[in-house]
Amino acid sequence: MGESVNGKMPRVMGAVIAGLIYLASGAAGAETIRVAVVEKAKEVRLSSSGPLRFLDTKGALLALNSGRQTSVRAQGGGLAVGDQPVGRSVRLRSSGESLAVDGVSYPGEIEIRAAPGGLLQVVNHVDIETYVAGVVPREVPAAWDIEVLKAQAVLARTYALSLRQRSAGQAFHIGAGVDHQAYSGESALHPKVQEAVRSTRGEVLAFQGELAEAVYHAYCGGVTENAADVWGRSFPYLQSVRSECRLGDTPPTWTYHVEANDLARRLRAAGVVFSGAVTAVEPADLSQTGRIRTVRVRTSEGPREMRGIDFRKAVGPDLIKSTRFTIEPEGGGFRFAGLGSGHGVGLCQHGARAMADGKAGYREILARYFPGTAVTPWSKVKRNGNVRMTRQAVPHD
């Protein structure tokens, strides 16, 4: 993920098949979620261990001789499988065999839809528990203590169900990239993660009977941030708390140099209006934890101010890893030196790791970072589609 502790995970398939079947079965009326695994593309490649079977929007089998591999592309406002037009939407359903899109294997059902601009979109319709099992190992390493994995599973499930409520009438509920939660289908499945998902099955984080804002980040640098200082909305359970962290091999600090002309180009691309040079960058407003709420960019046409999180996004959140940084002129540009990784709100993943090392359970971990909330069965939570932050308030950025 862009801001979580995890990066690439090894593919572990043979030992997880039984667990995947268990997760996807469950009780009648299992919860499903629509995940956009490809949001904009002109063409995708499909492959399967068995014959590819395409269905139309009514579920009828299409007479296509596509074999085990084919391509689907946007064509004339609709779709074409190979050279055969098929309308604006087709579906493929796994019947036990693997089903891959551009080399990534997904469980459940795949829907391919025509999208505006001569593009297409690929949506994975998947059981929520199977989805969570595909998210957790992309957000934290499976080698970590299982109590951290359980806490992450509860948060991933809560965030996904919250977006599903808010996006009920849309083509998909959630994306598969770092803008939402990292998800790569079956490619990251791991037996230990599946155990964590099974043991927390159906559990979400709730506040006063409703889904909580289940946000998290990699490393807070010893203290988490108030939500109000990041997104401008205050929540009783998203206040700053002290956090001991276990970093392992992760460096606690970071630095980044950017040339002034490159910085100007990135800011203009992000919508900051000016045509001259950037002459200085400085903090205009700090939060009580020392993070930069507002950045002032001095240009030859006068100062421009923007939120610290927007400045990070403009420059690159993988480069400016947090808003807890200092700025110094350096050569023909600026040197940023910072502490921490991510927005700093909610669960600190390295802090959760330290708590688990101290024998804390996942409920205790979540209570530490989200005081006043409770781990609650999803069946007992009020269904509320009201937007509290925004769809774009990413959990881990």
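Parameters at a glance
- Residues numbered from 1 in each chain as written.
- Predicted model: local features only at pLDDT ≥ 70, side-chain atom pairs only at ≥ 80, totals over all residues.
- Heavy atoms only, no water.
- Pairing = 2+ DSSP bridges.
- Helix = DSSP H or I, 4+ residues; strand = E, 2+ residues; numbered from the N terminus.
- Axes fitted to C-alpha atoms, helices over the stretch in contact; angles between N-to-C directions.
- Core = buried A, V, L, I, M, F, W, Y, C linked by side-chain atoms within 4.5 Å.
- Buried < 20%, exposed > 50% of the residue type's maximum accessible area, 1.4 Å probe, protein only.
- Contact = heavy atoms within 4.5 Å.
- pLDDT = per-residue confidence, 0-100.
- Arc of directions from axis to C-beta.
- Parallel < 35°, antiparallel > 145°, perpendicular 65-115°, else oblique.
- Left-handed = near helix turned anticlockwise from the far one by under 90°.
- Nonpolar A, V, L, I, M, F, W, Y, C, P; charged D, E, K, R; others polar.
- Salt bridge = Lys/Arg side-chain N within 4 Å of Asp/Glu carboxyl O.

> Pulling in residues and values, what's your account of the sheet that holds strand β16 (residues 253-259)?
As summarised here, the arrangement of the three strands in space is β16-β21-β20, forming an open sheet in which the pairing is antiparallel. With partners counted over all chains shown, the strands left at the sheet margins are β16 and β20 (325-330), one partner each. Looking at each pair of strands side by side, their axes are set apart by 20° on average, direction ignored. Pairing between β16 and strand β21 (residues 333-339): seven bridges, direction antiparallel. Across the sheet, residue W254 finds its bridge partner in β21, namely G338.

> So what's going on with the nonpolar core? Residues and values would help.
Formed by 85 residues in total, the largest nonpolar core has its most connected members in V44, I112 and Y131. Examining the composition of this core, we find that twelve residues originate from one element, helix α3 (residues 146-166), more than from any other. Once you skip the residues sitting within four places of it in the chain, Y131 turns out to touch I33, V35, V126, A160, I174, Q181 and Y183. Residues W254, V258, V295 and I327 belong to the second largest nonpolar core, which totals 23 residues.

> Explain the confidence of the model for the protein chain to me, and be specific about the residues and the numbers.
Residues with a pLDDT of 70 or more make up 89% of the protein chain, whose mean pLDDT is 89. Contacts from residues 7-22, a stretch scored under 50 in pLDDT, to residues over four places away or in other chains number 26 contacts. Across residues 24-29, confidence stays below pLDDT 50; counting only partners more than four residues off in sequence or on other chains, it has six contacts.

> Before we move on, could you go through helix α4 (residues 191-199) and cite the residues and values that matter?
For an α-helix, the turn length of 3.6 residues means that residues three or four places apart are oriented alike. Inspection of α4 places V193, Q194, A196 and V197 among the buried residues, and these make up the whole buried set. With its buried residues spanning 155° around the axis, α4 presents them on a single face.

> Can you lay out the packing of α3 against helix α9 (residues 362-369) for me, pointing to particular residues and giving the numbers?
Closest axis-to-axis distance for the α3/α9 pair is 8 Å, and the angle between their directions is 60°. Judged by the inter-axis angle, α3 sits oblique to α9. For the pair α3 and α9, the sense of crossing is right-handed. Seen from α3, the contacting residues are E147, K150, A151, V154 and L155; seen from α9, they are Y362, I365 and L366. Looking at side-chain class alone, the contact of α3 with α9 contains six nonpolar, no polar and two charged residues.

> Any details on the packing of helix α6 (residues 260-269) against helix α7 (residues 308-315)? Residues and values, ideally.
Put simply, α6 and α7 touch, their axes get as near as 8 Å, and they point 110° apart. With respect to α7, the axis of α6 lies roughly perpendicular. The crossing of α6 and α7 is right-handed. Residues L263, R266 and L267 of α6 pack against F311, A314 and V315 of α7. A class-by-class count of the residues in the contact of α6 with α7 yields five nonpolar, no polar and one charged.

> Account for the sheet that holds strand β10 (residues 109-115), with residues named and values stated.
Judged by pairing direction, the sheet is mixed, and its six strands sit side by side in the order β3-β7-β10-β11-β1-β12 without closing on themselves. Taken across any chain shown, the strands that pair with only one partner, and hence form the sheet edges, are β3 (54-55) and β12 (174-175). Of the strand pairs in this sheet, strand β1 (residues 32-41) and strand β11 (residues 119-127) are connected by seven bridges, and their pairing is antiparallel. By the bridge assignment for β11, V35 is matched with N124. Packing against the sheet, helix α2 (residues 128-139) makes contact with β1, β11 and β12, and its axis sits at approximately 110° to β11.

> Would you mind going over unusual backbone geometry in detail, with residue names and values included?
With phi around 50°, Q208 is a residue other than glycine that occupies positive phi space. Relative to the helices and strands, Q208 is located in the loop between β13 (203-207) and β14 (210-211). One non-glycine residue, K359, lies in the positive phi region at around 75°. Tracing the backbone shows K359 in the loop between α8 (349-357) and α9.

> Go over the pattern of salt bridges with me, naming the residues and quoting the values.
A side chain with one charge can pair with a side chain of the opposite charge if their charged atoms come near. Applying the stated criterion across every chain, the model contains 21 salt bridges. E109 serves as the salt-bridge partner of R91, at 2.5 Å between the closest nitrogen and oxygen. Placement of R91 in strand β7 (residues 89-93) and of E109 in strand β10 is noted, with a sequence separation of 18 residues between them. Given a relative accessible area of 26%, R91 falls into the partly exposed group.

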